[in-house]
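Chain and residue survey
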2 protein chains.
Amino acid sequence: MKLDRNGLEVLDSDECWQLLSENHLGRLAVVAGNRPEIFPLNYVVDDSLLDATRTEGSGPDSGEDSRSLVFRTAPGTKLAAAAVGFPVAFEVDSADPMFHTGWSVVVHGTAQLVETTDELLQVEALPLRPWGPSDKRHYLRLCPTELDGRRIPRGTGH
Amino acid sequence: MKLDRNGLEVLDSDECWQLLSENHLGRLAVVAGNRPEIFPLNYVVDDSLLDATRTEGSGPDSGEDSRSLVFRTAPGTKLAAAAVGFPVAFEVDSADPMFHTGWSVVVHGTAQLVETTDELLQVEALPLRPWGPSDKRHYLRLCPTELDGRRIPRGTGH
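Residues numbered from 1 in each chain as written. Chains lettered and ligands numbered in written order. Predicted model: local features only at pLDDT ≥ 70, side-chain atom pairs only at ≥ 80, totals over all residues. Heavy atoms only, no water.

**What about the pattern of salt bridges?**
Side chains carrying opposite charge are able to pair once their charged atoms draw close together. Residue and element names in this part refer to chain A. Scanning all chains against the criterion turns up 24 salt bridges over all chains. The partner of R150 in a salt bridge is D4, with the nearest N and O atoms 2.7 Å apart. With a gap of 146 residues between them, R150 in strand β8 (residues 138-152) and D4 in the segment before β1 (9-11) connect regions that are remote in the sequence. When its relative accessible area of 25% is taken as the criterion, R150 is described as partly exposed. On the accessibility criterion, D4 (19% relative accessible area) is buried. (Salt bridge = Lys/Arg side-chain N within 4 Å of Asp/Glu carboxyl O. Helix = DSSP H or I, 4+ residues; strand = E, 2+ residues; numbered from the N terminus. Buried < 20%, exposed > 50% of the residue type's maximum accessible area, 1.4 Å probe, protein only.)

**Thoughts on the interface of chain B and chain A**
Across the boundary between the two partners, chain B contributes 42 residues, which contact 42 residues of chain A. With both chains or domains summed, chain B and chain A bury close to 3,500 Å², and 64% of this area falls on carbon and sulfur atoms. Put simply, chain B and chain A have six salt bridges between them. With a closest N to O distance of 2.9 Å, R35 of chain A and E146 of chain B form a salt bridge. Breaking the side of chain B that touches chain A down by element, the ones donating at least two residues are β2 (25-32), β3 (35-42), β6 (87-96), β7 (101-113) and β8 (138-152) of chain B. (Contact = heavy atoms within 4.5 Å. Buried area = accessible area lost by both parts, 1.4 Å probe.)

**What about the packing of aromatic side chains?**
Scanning the model with the defined rule gives four aromatic pairs over all chains in all. With centroids separated by 4.8 Å and ring planes inclined at 65 degrees, the aromatic side chains of F71 of chain B and F90 of chain B adopt a geometry described as edge-to-face. Highlighted residues: F71 of chain B in strand β5 (residues 68-73) and F90 of chain B in strand β6, separated in sequence by 19 residues. This pair shows no difference in class: F71 of chain B is buried, exactly as F90 of chain B is. Here the aromatic cluster, defined as three or more aromatic residues joined through ring pairs, consists of Y43, F71 and F90 of chain A. (Phe/Tyr/Trp six-rings, centres within 6.5 Å; stacked < 30°, edge-to-face > 60°.)

**A short note on the confidence of the model for chain A**
All names here are of chain A. Across chain A, the average pLDDT comes to 85, with 86% of residues at 70 or higher. Below pLDDT 50 for its whole length, residues 51-60 participates in 11 contacts with residues either more than four positions away or in separate chains. For this predicted complex, the interface score ipTM comes out at 0.86, while the overall pTM is 0.87. (pLDDT = per-residue confidence, 0-100.)

**Regarding the pairing of strand β2 (residues 25-32) of chain A**
Residue and element names in this part refer to chain A. Within β2, seven of the eight residues are buried, leaving the element largely enclosed by the surrounding structure. The sheet contact formed by β2 and strand β3 (residues 35-42) spans eight bridges and is antiparallel. Bridge assignment links A32 to a residue of β3, and that residue is R35. The hairpin formed by β2 and β3 contains two residues between the paired strands, and G33 there has a positive phi angle of roughly 60 degrees. The pairing of β2 with strand β6 (residues 87-96) spans three bridges and is classified as antiparallel. The residue of β6 that forms the bridge with A29 is A89. (Pairing = 2+ DSSP bridges.)

**Details of the relation of the copies chain B and chain A**
Here the second copy of the chain follows from the first by a rotation about an axis and a shift along it. Of the transformation superimposing chain B on chain A, the axial component is 0.0 Å and the angular component is 180 degrees, with the fit at an RMSD of 0.0 Å. What the rotation and shift describe, once combined, is the action of a two-fold rotation axis. Most of the interface of chain B is mirrored in chain A: 100% of its interface residues are interface residues there too. (Least-squares fit on C-alpha atoms with pLDDT ≥ 70 in both.)

Here you go:
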């Protein structure tokens, strides 16, 4: 088990993707007007581009993983204005207070609006619920450039 | 029930504080090197300054609420470097997939290091667990300048 300087277990990218795939609620952090904003969002992992774009020699740890996260958002929102084309951070976690354990995965990358018809048809088929009742007609895709996962080793939490 | 443009119920500051008080895990978003970073953190609501500093005429909605959030962090961390003295956003949420409901509270403000002996004695008495096993000897205090709470009205989630 690899530990970081804070005594947390470092998760490899396969473990990060596994945890991301098993969950559906995360938080998107963006920079807007020199301050951070943070939004809860449902998301889904999209691996449908995997076979088509993966090139020989690129594995899960090569940094060329083509799996991505897809979100829905309403047109014209503060979220979309601050996220599309800019660096974002997206976080998913779970905590178990009973056993003082928990994990967290943080994804960095740049969010892009899904615009082409082919891609729209593809993401509309994903099992993605928006967070809340409004008409979230736009889809954002986040292709991770960094993936950081940490777990509190059981029995070490205070 | 007041709804925002996205059809979400707008929570008043008393409801926000109630939800903050009932929970202990949130996520701190900061700006570091022109990109957002996001950290899971345990926190506690500190209302011990309430009576001492509240002035006549300042109520929960006056923007002068002296309740604050307190976190622990290890000295010299990326988190502390990007948070202390800078604008931050802190988010706490809960989702109930069964009923397609959920809520989220986002706090904005500037994080400050707790430094005076009196204040340190006070925060050390708070029931605050760090997230993870490392030696988190520093305390940060976030006095909210903005408090935004939203709830998905039951039965309206998709």
